Amino acid sequence: MSYQAHVTDVAYCYDGSFAGFLCCVFESYARREIPAEVCPPEEGQLNFFGARDIPTNPQRARRVAAGLERLGAQVKDCITTGFLSTEGGKDLTLLRFARLCFEQGPRAAQMLGNPDAAAAFALARAVSNEACKCIEFIRFEQRDDMLGAVIHPKHQVLPLLRGHFCSRLPDDDFLIFDAAHGTALVRRSGRVQYLTMERYTPGTDAGELDWRRLWKRFFKALTIEERRNEKAQMNHVQKRFWKDMVEMQGDLPSPLE
């Protein structure tokens, strides 16, 4: 281990926020130790280690954040993107990587032979890849006076979707509901915010339903039935995305029914 710290049998328990995580990094340095686990609230009862509650201190969080800024964009982006992962143990992985970076400097981002660096970049890559797929496969609908869409991602990708859709839809209000995590990205009247949300009500406007039927008809017209290959489809678009794509859903009732 390249950094001067001893591994303890203590788990750091924090509030799950990014500022709280930065305070865990601060605590690790202050105590010259590496915890056995770093647990957000949902994981706090799943370990057999002694627990130490780490309060969120904005001043300490800012100090660590400033240190990450000095290490360069590659290190900062890896940690901030990796933090959006829902993989178990990601908090400890990122804490160990942060310590490696503070010890080695910006060059730590190139040390992919180091297990701490490799694990951190694997987390960030998985989140980024899923965000790119969500951008490609999101299907908006007209919902009341705004555009709406539903996604079911593994990771909490909404912060990575924000810049893209705010840029691509500069004059439209929109809502993207992450049904897997109960959160929504909302842009209304130029203001962007994240909200807790339990359910999404699809648009039922007759015009919107007509657009769905037209899109499905277009998709079907391009399909060559003799060459349909569901396995190949899943290689290009994983099946877990299908439920949120209009063209992959069942037929809509005829407007005359």
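Cut-offs used in this document
- Residues numbered from 1 in each chain as written.
- Predicted model: local features only at pLDDT ≥ 70, side-chain atom pairs only at ≥ 80, totals over all residues.
- Heavy atoms only, no water.
- Helix = DSSP H or I, 4+ residues; strand = E, 2+ residues; numbered from the N terminus.
- Expected span 1.5 Å × (residues − 1).
- Buried < 20%, exposed > 50% of the residue type's maximum accessible area, 1.4 Å probe, protein only.
- Arc of directions from axis to C-beta.
- Contact = heavy atoms within 4.5 Å.
- Axes fitted to C-alpha atoms, helices over the stretch in contact; angles between N-to-C directions.
- Parallel < 35°, antiparallel > 145°, perpendicular 65-115°, else oblique.
- Left-handed = near helix turned anticlockwise from the far one by under 90°.
- Nonpolar A, V, L, I, M, F, W, Y, C, P; charged D, E, K, R; others polar.
- Salt bridge = Lys/Arg side-chain N within 4 Å of Asp/Glu carboxyl O.
- Pairing = 2+ DSSP bridges.
- Phe/Tyr/Trp six-rings, centres within 6.5 Å; stacked < 30°, edge-to-face > 60°.
- Lys NZ or Arg CZ within 6 Å of the ring centre and 35° of its normal.

A.B. asks: Just checking my understanding: could you explain helix α7 (residues 206-222) for this structure?
C.D. replies: Two residues of an α-helix separated by three or four positions point the same way, owing to the 3.6 residues in each turn. For α7, with 17 residues, the first-to-last C-alpha span of 25 Å sits near the 24 Å given by 1.5 Å per residue. When we look at burial in α7, the residues that qualify are Glu208, Arg212, Arg213 and Lys216. With its buried residues spanning 140° around the axis, α7 presents them on a single face. Facing away from the buried side of α7 by more than 90 degrees, the exposed set consists of Ala206, Trp211, Arg217, Ala221 and Leu222. Of the surrounding elements, those touching the buried residues of α7 are β6 (141-143).

A.B. asks: Sorry if this is basic, but what is going on with the packing of helix α5 (residues 115-137) against helix α6 (residues 158-168) here?
C.D. replies: Each pair of packed helices can be described by the angle between their axes along with the distance between the axes. Running from amino to carboxyl end, α5 crosses α6 at an angle of 40°, the nearest separation of the two axes being 9 Å. Taken together, α5 and α6 sit at an angle that is classed as oblique. The two elements α5 and α6 cross, and the hand of that crossing is right-handed. On α6, the residues touching Val127, Ser128, Ala131, Cys134 and Ile135 of α5 are Leu160, Leu161, His164 and Phe165. Split by residue class, the contact of α5 with α6 holds seven nonpolar, two polar and no charged.

A.B. asks: For this particular structure, what's the right way to read the pattern of salt bridges?
C.D. replies: Side chains that differ in sign of charge can pair as their charged atoms come close. Counted under the stated rule, the structure contains eight salt bridges. Across the pair Arg52 and Glu33 runs a salt bridge whose closest N-O atoms are separated by 2.5 Å. Within this pair, whereas Arg52 is found in strand β5 (residues 50-53), its partner Glu33 is found in strand β3 (residues 33-34), the two being separated by 19 residues in sequence. When salt bridges with common partners are traced through the structure, they connect Glu27, Arg31 and Arg60 into a single cluster.

A.B. asks: Before we go on, may I ask you to explain the sheet that holds strand β4 (residues 37-39) in this structure?
C.D. replies: In any sheet, the strands associate via hydrogen bonds between backbone groups, in a parallel or an antiparallel arrangement. Pairing within the open sheet is parallel, and its three strands lie in the order β4-β2-β5. Where the open sheet ends on each side, the last strands, each with one partner, are β4 and β5. Neighbour-to-neighbour, the strand axes of this sheet turn through a mean angle of 30°, independent of strand direction. When strand β2 (residues 10-13) meets β4, the two strands line up parallel, connected through three bridges. Residue pairing in the sheet places Cys13 in a bridge with Cys39 of β4. Each of β2, β4 and β5 is contacted by helix α1 (residues 18-31), which is oriented at about 145° to β2, the strand it contacts most.

A.B. asks: Explanation requested: the packing of aromatic side chains in the structure shown.
C.D. replies: Geometry of an aromatic ring pair is reported as the spacing of the ring centres plus the angle between the planes. Enumeration over the complete set of coordinates arrives at nine aromatic pairs. With 6.2 Å between their ring centres and 70° between their planes, Phe140 and Phe174 make a pair best called edge-to-face. Of the two residues, Phe140 is situated in the loop between α5 and β6 and Phe174 in strand β8 (residues 174-178); the sequence distance between them amounts to 34 residues. The exposure class of Phe140 is partly exposed, given its relative accessible area of 25%. In this structure Phe174 comes out as buried when scored by relative accessible area, which is 0%. Look at Phe177 and Tyr200: their rings are 6.4 Å apart centre to centre, the planes differ by 10°, and that puts the pair in the stacked class. Taken as a pair, Phe177 in strand β8 and Tyr200 in the loop between β10 (191-196) and α7 lie far apart in primary sequence, 23 residues in all. Feature note: the residues Phe18, Phe21 and Phe83 constitute an aromatic cluster, connected by ring pairs. Between Lys90 and the ring centre of Phe83, over which it is positioned, the NZ or CZ distance is 3.7 Å. Taking NZ or CZ as reference, Arg99 lies 4.0 Å from the ring centre of Tyr29, over its face.

A.B. asks: What exactly am I supposed to notice about the sheet that holds β8 here?
C.D. replies: Taken together, the five strands give an open sheet; going across it, the order is β6-β7-β8-β9-β10, and neighbouring strands pair in mixed fashion. Both edges of this open sheet fall to β6 and β10, since each of them pairs with a single strand only. Taken pair by pair, the neighbouring strands of this sheet meet at an average axis angle of 25°, ignoring direction. As paired elements, β8 and strand β9 (residues 183-188) share five bridges and run antiparallel to each other. Of the residues in β9, the one forming a bridge with Asp178 is Thr183.

A.B. asks: Explain the pairing of β9 to me, please; I cannot follow it from the model alone.
C.D. replies: Residues in a regular strand project their side chains so that they alternate between the two faces of the sheet. Two successive antiparallel strands, β8 and β9, enclose a turn made up of four residues, where Gly182 displays a positive phi of approximately 65°. Judged from the six bridges that link them, β9 and β10 form a sheet pairing that is antiparallel. Looking across to β10, one finds that Arg188 is bridged to Arg191. Joining the antiparallel neighbours β9 and β10 is a turn of two residues, in which Ser189 adopts a positive phi near 55°.

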